[in-house]
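Fold and contact review
Read off the chains here:
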Amino acid sequence: MKRILSLILFIAPAFVLAEPASNMVWMPETLNFVKDGDVKKGEQLAESCIGCHGEKGISPMGMFPSLAGQMANYTYKQLRDYAEGKRENSMMSSIAAGLSEKDSADLAAWFQSLPAAQNQPSQDDISKAISLVKKGNGKKILPPCFVCHGSEGEGQKMDTPALAGQQADYTEATLLAYKNGTRHNDLYSRMRVIAKQLSDDEIKQLAEYYQQLK
Ligand code: HEC
Ligand code: HEC
C-alpha cells in the first residue's frame with residue numbers, strides 16, 4: 001500500500017507539469033504582431049513553399065495542405081509550433097525552424113490574403129459528416145464543428161482554422177493524428193478530445209465534406 005501511495009505521489013507531478021500543447025499565448029501584443037505581417041515580404045519568402053504548397057497556396061497533392069485564405073493567426077501558430085517542436089513533421093519542422101517570428105508573421109499575412117481553394121461537390125455519401133458538423137452528437141461530448149469552424153468552414157479570427165476547400169487526404173490524416181495523439185499542439189486539447197470520439201469512417205466523411213465546401 002505504501003509503495004502504491006509513493007508511486008502515485010511520484011507520478012502525480014508529471015501530470016501537473018505536463019508540457020503545454022503549445023507555447024502560444026494570445027496576448028494583445030502577439031495578435032498585433034501577426035496583424036502587422038508584411039504581405040509583400042511574405043510573398044517573397046513563400047517562393048520556397050511553392051514546391052509543396054502550390055502556386056498561390058493551393059496545394060496540388062492530397063498530402064500537402066492548402067494554405068491560401070487560412071487565418072493568419074492559425075498559420076503563424078502552426079509555424080511557431082513546428083519551430084519549437086510542439087508539432088512534429090519531418091518536412092515542416094526544419095523549414096519552420098529556419099524562419100524568424102517576423103518571417104512567420106509575414107508568411108501568415110501573405111497566405112491569408114490569397115483566395116481559398118474551390119472544389120466540386122462530393123458525389124459520395126457524407127450524411128454522417130453533415131450531421132456532425134451541424135448538430136454534433138449529444139450522446140457523446142461532441143459539439144457541432146460549426147460552432148468553432150464556422151457554418152461555411154471559414155474559421156474564426158483567434159486561432160480556429162478555416163477548413164473549407166482543404167485537401168481531404170490532409171484533413172483526414174491530421175484528424176487521425178489528433179485522434180492517436182501524434183498531433184498534440186491544440187490548446188486545451190480541444191481537437192484531441194473531439195477526434196478521439198470520431199470513428200475513422202466519420203473522419204473520412206468529415207474530410208470530404210470540408211474539401212467540397214466553398
Ligand atoms: C517539402 C515539402 C514542403 C515544403 C517545401 C513546405 N511545406 Fe509546409 N507542409 C508540408 C507538409 C507535408 C505539411 C503537413 C505536415 C503535417 O501533417 O504536420 C505541411 C504543413 C504546413 C502547415 C500547417 C498547415 C495546417 O493547415 O495546419 C503550414 C502553416 C505550412 N506547412 C507552411 C509552410 C511554409 C510557410 C513553407 C515555406 C516557407 C512550407 N510550408 C514549405 C510540406 C512542405
Ligand atoms: C471548441 C472549438 C472546436 C470545435 C467544436 C471543433 N474544432 Fe477543430 N479546431 C479547433 C481549434 C482551436 C483548432 C486549431 C488547433 C491548433 O492550434 O492546432 C482546430 C483544428 C482543426 C483541424 C486542423 C486543421 C488544419 O489545417 O490542420 C481540423 C481538421 C479540425 N479542427 C476539424 C474539426 C472537425 C471535423 C470538428 C467537428 C467534428 C471540429 N474540428 C470541431 C477548434 C474546434
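The rules behind each value
Residues numbered from 1 in each chain as written. Chains lettered and ligands numbered in written order. Predicted model: local features only at pLDDT ≥ 70, side-chain atom pairs only at ≥ 80, totals over all residues. Heavy atoms only, no water. Domains from an automatic or database assignment. Contact = heavy atoms within 4.5 Å. Buried area = accessible area lost by both parts, 1.4 Å probe. Salt bridge = Lys/Arg side-chain N within 4 Å of Asp/Glu carboxyl O. Polar contact = N/O pair within 3.5 Å; in protein donor to acceptor, adjacent residues only side chain to side chain. Helix = DSSP H or I, 4+ residues; strand = E, 2+ residues; numbered from the N terminus. Core = buried A, V, L, I, M, F, W, Y, C linked by side-chain atoms within 4.5 Å. Buried < 20%, exposed > 50% of the residue type's maximum accessible area, 1.4 Å probe, protein only. 1 Å grid on protein atoms, 1.4 Å probe; cavity = no way out; pocket = protein on both sides within 12 Å on 5 of 7 lines; lining within 4 Å. Points joined across faces, edges and corners; volume = space filled by probe spheres on them. Nonpolar A, V, L, I, M, F, W, Y, C, P; charged D, E, K, R; others polar.

**Considering the domain arrangement of the protein chain**
Assigned domains within the protein chain: domain 1 (26-113) and domain 2 (127-212). Between the C-alpha centres of domain 1 and domain 2 there is a distance of 21 Å. With 20 residues of domain 1 at the interface, the matching set in domain 2 holds 19 residues. Approximately 1,600 Å² of surface area, both sides summed, lies buried where domain 1 meets domain 2, with 49% of it carried by carbon and sulfur atoms. Taken together, the connections running from domain 1 to domain 2 amount to zero salt bridges. Summed over the shared surface of domain 1 and domain 2, the result is 14 residue pairs in polar contact (both at pLDDT 80 or more). Ranked by the residues each element gives to the side of domain 1 that touches domain 2, the list is headed by helix α5 (residues 72-83), at five residues.

**Focus on the nonpolar core**
Counting 19 residues, the largest nonpolar core has Val133, Leu198, Leu206, Tyr209 and Tyr210 as the members making the most contacts within it. Mapped onto this core, the elements with two or more residues apiece are α8 (127-134), α10 (168-180), α11 (190-196) and α12 (200-212). In terms of residue count, the dominant contributor to this core is α12 (four residues). Residue contacts for Tyr209: discarding those within four places in its chain leaves Ile126, Ala129, Ile130, Val133 and Lys134.

**Observations regarding empty space enclosed by the protein**
Throughout the structure, instances matching the rule amount to one cavity of 30 Å³ or more. There is about 90 Å³ of room inside the largest cavity. If you trace the largest cavity, you find it lined by Ser66, Leu67, Ala68, Gly69, Gln70, Ala116, Ala117, Ala162, Leu163, Ala164, Gly165 and Gln166. For the lining of the largest cavity, the residue count by class is seven nonpolar, five polar and no charged.

**Some details on unusual backbone geometry**
The backbone phi angle of Lys56 is positive, close to 60 degrees, even though this residue is not glycine. Its location among the elements puts Lys56 in the loop between α4 (50-53) and α5. On the basis of relative accessible area, Lys56 is assigned to the exposed category, the value being 52%. In this structure, Tyr188 is a non-glycine residue whose phi angle is positive, near 60 degrees. By the secondary structure assignment, Tyr188 is in the loop between α10 and α11.

**Notes on the side chain of Ser66**
Structurally, Ser66 can be placed in the loop between α4 and α5. Judged by its relative accessible area of 9%, Ser66 falls in the buried class. Of the polar contacts made by the side chain of Ser66, one reaches the backbone nitrogen of Ser59; its length is 3.0 Å.

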